[in-house]
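Analysis of the macromolecular model
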Amino acid sequence: KQKPDYVILIDYPGFNLRIAKALREKSSKAGWHPKVIFYVSPQIWAWHESRIHQIARDIDLMLAIFPFEKAWYAERKPGFRVEFVGHPLVDRYSPAMTEGPPERLRSLLLLPGSRVREVRKHLPMMIQAARRIAADGAVHLEMVLPSEKLKQLALSLTDLTGVQIRVGNLAEALATATVAIASSGTVTMECAWFGVPTVVLYKTSWSTYRLGRRFIRVKYLAMPNLLADAEVFPEFIQDDASAENIYAAARLLLDDPGRQAAIKKQLQHVVESLGQPGASLRAARAILSLK
């Protein structure tokens, strides 16, 4: 009814790419020619590269939040407009939020995921690994979940006695964490931002994993590793994601301050690659520059 000049589709490609296609097909019939913008590029550089043809057809401007994405699109679709505006993460946290207390008990932070299936797959092995680490020496165990629903699920899956559980307030937990064990996903970038050495894991159904391996084109799943082009965070995927492997990797990080310092240094370069503050302002300016 309103026929806006700009339609801004934010993330969520499974849904939003369908909306973009429908806009192209139906808006012109109604005499309406909106500019269609996609904010946060779908990760087609990791898999589903073939989607680039539909994206270039239906999208007027792609706003990228990772530095390599503009060159990736330019190589495959010259003429398709892509702007790297920086990562919103840079504006989300103030420098003061990343500073924990100078002296603290070693803290192991568990981040099993933001979806029910992730928590079901990841939490039991995380807890097994954490219990072994706690049995080896003094360590504070903490877990952050994004909702009360997932907290109740976690409590039903395993005994969490001795684990401090937070619902939200991830920044506070990361500011005091020595090491984290995290599900692969956006949260690994937040671990990187706070300079927390992290063991990354991901486990899914065997059929989903086999299908995914046929199409995935990147060396790493954790975005900090992709940005560094190195395994800064140890990764354990599918069969390698076992309590034994996670325990060994997390214990090694906790017991080696030199390794912690080296990882933090690598993470500084990752964070610097995300651009300067003002991602949303740059995104708005790029949108308004469309003719």
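All figures in this text were calculated on a predicted structure; none of them were measured in a lab.

**A closer look at the pairing of strand β2 (residues 35–39)**
Counting buried positions over the five residues of β2 gives four, a clear majority of the element. Pairing of strand β1 (residues 6–10) with β2 involves five bridges; the strand directions are parallel. Looking across to β2, one finds that Val-7 is bridged to Val-36. Regarding topology, helix α1 (residues 13–27) serves as the crossover connection from β1 to the parallel β2, and that connection is right-handed. Pairing analysis gives three bridges linking β2 to strand β3 (residues 61–64), with the strands arranged parallel. Across the sheet, Ile-37 pairs through a bridge with Leu-61, a residue of β3. Handedness of the β2-helix α2 (residues 52–58)-β3 crossover: right-handed.

**Focus on the environment of Pro-67**
Following the sequence through the fold, Pro-67 ends up in the loop between β3 and α3 (69–76). C-alpha of Pro-67 to C-alpha of Ala-171: the two residues are 104 residues apart in sequence and 24 Å apart in space. Once residues within four sequence positions are removed from consideration, Pro-67 is found in contact with Phe-84, Leu-227 and Ser-273.

**Looking at the packing of aromatic side chains**
One pass over the structure, following the stated rule, counts six aromatic pairs. Aromatic side chains Trp-45 and Phe-68 sit 5.0 Å apart centroid to centroid with 80° between the ring planes, which places their arrangement in the edge-to-face category. Here Trp-45 is found in the loop between β2 and α2, whereas its partner Phe-68 is found in the loop between β3 and α3, with 23 residues between them in sequence. Taking relative accessible area as the criterion, Phe-68 reaches 28% and is therefore assigned partly exposed. With 5.6 Å between their ring centres and 55° between their planes, Tyr-73 and Phe-80 make a pair best called tilted. Accessibility classification places Tyr-73 together with Phe-80 in one group, the buried group. Following the ring pairs from residue to residue traces out a cluster consisting of Trp-45, Phe-66 and Phe-68.

**Looking at helix α5 (residues 116–136)**
Taking 1.5 Å of rise per residue, 21 residues should cover 30 Å, and α5 covers 30 Å from first to last C-alpha, within 8% of that figure. At His-122, α5 shows its strongest bend, of approximately 35°, with the proline Pro-124 following within four residues. Of the positions making up α5, those classed as buried are Glu-118, Val-119, His-122, Leu-123, Met-125, Met-126, Ile-127, Ala-129, Ala-130 and Ile-133.

**Details of the sheet that holds strand β8 (residues 179–183)**
Pairing between sheet strands relies on hydrogen bonds along the backbone, with the strands arranged either parallel or antiparallel. Judged by pairing direction, the sheet is parallel, and its six strands sit side by side in the order β7-β6-β5-β8-β9-β10 without closing on themselves. At either margin of the open sheet sits one strand with a lone partner, and together these are β7 (163–167) and β10 (235–237). Taken pair by pair, the neighbouring strands of this sheet meet at an average axis angle of 15°, ignoring direction. Pairing between strand β5 (residues 107–111) and strand β6 (residues 140–145): four bridges, direction parallel. Considered in β6, the bridge of Leu-108 is made with Leu-141.

Rules of the game
- Residues numbered from 1 in each chain as written.
- Predicted model: local features only at pLDDT ≥ 70, side-chain atom pairs only at ≥ 80, totals over all residues.
- Heavy atoms only, no water.
- Buried < 20%, exposed > 50% of the residue type's maximum accessible area, 1.4 Å probe, protein only.
- Helix = DSSP H or I, 4+ residues; strand = E, 2+ residues; numbered from the N terminus.
- Pairing = 2+ DSSP bridges.
- Right-handed = clockwise from strand over helix to strand, strands pointing away.
- Contact = heavy atoms within 4.5 Å.
- Phe/Tyr/Trp six-rings, centres within 6.5 Å; stacked < 30°, edge-to-face > 60°.
- Expected span 1.5 Å × (residues − 1).
- Bend = angle between axes of the 7 residues up to and from the residue.
- Axes fitted to C-alpha atoms, helices over the stretch in contact; angles between N-to-C directions.

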